Amino acid sequence: NRAASLVGQLLAFSRKQTLHPEVLELEEVLSDLTHLLNRLVVEKVGLTLGQMEYDGMRPLGKIRADKRQIEQVLINLVVNARDAMPNGGNIRIETEPVTLAEDLKRDRATVPAGDYAVIRVIDTGVGIPEHQLRQIFEPFFTTKRVGEGTGLGLSMAYGIVKQSGGFIFVDSEVGKGTTFSLYFPVFEGEEK
């Protein structure tokens, strides 16, 4: 199982994995995952899910992606957040519909203007030092001790999000925590 998982992660990273995209509601994906995510966190770590509060609450919008792969990304991010809080803390998963009036340029990526379903995984953990942030999505880069991680989780998450037409960014402050933001373009077409 570990070998099959590793191969899957390598394929996702190299963006050669066959995805089975379908039209998804991110809130539904999250609510289906809640039970599993709650079992992944330890006693000292709290997990909350919710939509970010903002004026004129509007729906998140549907996305087109492979449900199983999006679940895998969220599981990886939650496990990483949990591991970044050895003394306990909180993980918050929030969603927000975002409309970009103009292109967003960030981290050598350009997010085209348009409507996005954004999901954030926020922790109150140890944070990631600036020099490591640049390498965070590289394959085999890990801050975990030997035997604790393959260094493929985030590179796999990056590959899956990119293959789904989305973008992933990380913001972190040492001692305060880390936020991973995933931008998925809202799907406007007909469901097949």
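Everything below is about the structure printed above this text.
Remember, predicted model here, so these are calculated numbers, not experimental data.

Novice: So what's going on with the overall build of the protein? Residues and values would help.
Specialist: Helix and strand content of the protein: five helices and nine strands. Taken from the N to the C terminus, the helices and strands of the protein come in the order α-β-α-β-β-α-β-β-β-β-α-α-β-β. Out of the 192 residues belonging to the protein, those deemed buried represent 44%. Across the protein, contacts joining residues at least 24 apart in sequence account for 74% of those joining residues at least 6 apart. Within the structure as shown, the protein displays about 10,700 Å² of accessible surface, and the carbon and sulfur contribution to it stands at 50%.

Novice: Just give me the short version of the packing of helix 3 (residues 67-83) against helix 5 (residues 153-163), but keep the residues and values in it.
Specialist: When two helices pack together, their arrangement is given by the angle between their axes and by how far apart the axes lie. Packing of helix 3 against helix 5 leaves a shortest axis separation of 9 Å and a crossing angle of 145°. Relative to helix 5, the crossing made by helix 3 is left-handed. Residue-level contacts link Gln69, Ile70, Gln72, Val73, Asn76, Leu77 and Asn80 of helix 3 to Gly153, Leu154, Met156, Ala157, Ile160 and Val161 of helix 5. Per-class residue counts for the contact of helix 3 with helix 5 are eight nonpolar, five polar and no charged.

Novice: Lay out the packing of aromatic side chains with the relevant residues and their values.
Specialist: Counted under the stated rule, the structure contains four aromatic pairs. Relative to Tyr158, the ring of Phe137 has its centre 5.4 Å away and its plane inclined at 35°; by these criteria the two rings are tilted. Pair noted here: Phe137 is in the loop between helix 4 (130-133) and helix 5 and Tyr158 is in helix 5, with a separation of 21 residues, a long-range link. Their ring planes at 75° and their centres at 5.8 Å tell us that Phe169 and Tyr183 sit as a pair that is edge-to-face. Residue Phe169 is located in strand 8 (residues 167-173), and its partner Tyr183 is located in strand 9 (residues 177-185); the two are separated by 14 residues in the primary sequence. Tyr183 sits in the buried class, given a relative accessible area of 11%.

Novice: Account for helix 2 (residues 26-40), naming residues and giving values.
Specialist: Given a rise of 1.5 Å per residue, 15 residues ought to cover 21 Å, and the 20 Å separating the end C-alpha atoms of helix 2 matches this to within 8%. Its axis deflected by about 50° at Thr34, helix 2 carries its strongest bend there. Looking only at helix 2, the buried set comprises Leu26, Val29, Leu30, Leu33 and Leu37.

Novice: Could you give an account of the pattern of salt bridges, with specific residues and numbers?
Specialist: Should the charged atoms of two oppositely charged side chains come close, the side chains can pair. In the structure shown here, the tally under the stated rule is ten salt bridges. One salt bridge connects Asp107 with Arg106, and the closest N-O pair in it is separated by 3.4 Å. Note that Asp171 and Arg106 form a salt bridge whose closest N and O atoms lie 3.0 Å from each other. Here Asp171 is found in strand 8, whereas its partner Arg106 is found in strand 5 (residues 104-106), with 65 residues between them in sequence. The network of salt bridges with shared partners includes Arg92, Glu94, Glu96 and Arg120.

Novice: Describe the environment of Gly153, with residues and values.
Specialist: Checked against the element boundaries, Gly153 lands in helix 5. What makes Gly153 buried here is its relative accessible area of 16%. For Gly153 and Ile136, which are 17 residues apart along the polypeptide, the C-alpha to C-alpha distance reads 9.9 Å.

Scoring rules and cut-offs
Residues numbered from 1 in each chain as written. Predicted model: local features only at pLDDT ≥ 70, side-chain atom pairs only at ≥ 80, totals over all residues. Heavy atoms only, no water. Helix = DSSP H or I, 4+ residues; strand = E, 2+ residues; numbered from the N terminus. Buried < 20%, exposed > 50% of the residue type's maximum accessible area, 1.4 Å probe, protein only. Contact = heavy atoms within 4.5 Å. Areas by Shrake-Rupley, 256 points an atom, 1.4 Å probe, with all protein chains shown as cover. Axes fitted to C-alpha atoms, helices over the stretch in contact; angles between N-to-C directions. Left-handed = near helix turned anticlockwise from the far one by under 90°. Nonpolar A, V, L, I, M, F, W, Y, C, P; charged D, E, K, R; others polar. Phe/Tyr/Trp six-rings, centres within 6.5 Å; stacked < 30°, edge-to-face > 60°. Expected span 1.5 Å × (residues − 1). Bend = angle between axes of the 7 residues up to and from the residue. Salt bridge = Lys/Arg side-chain N within 4 Å of Asp/Glu carboxyl O.

Taken by themselves, the reported measurements are silent on function.
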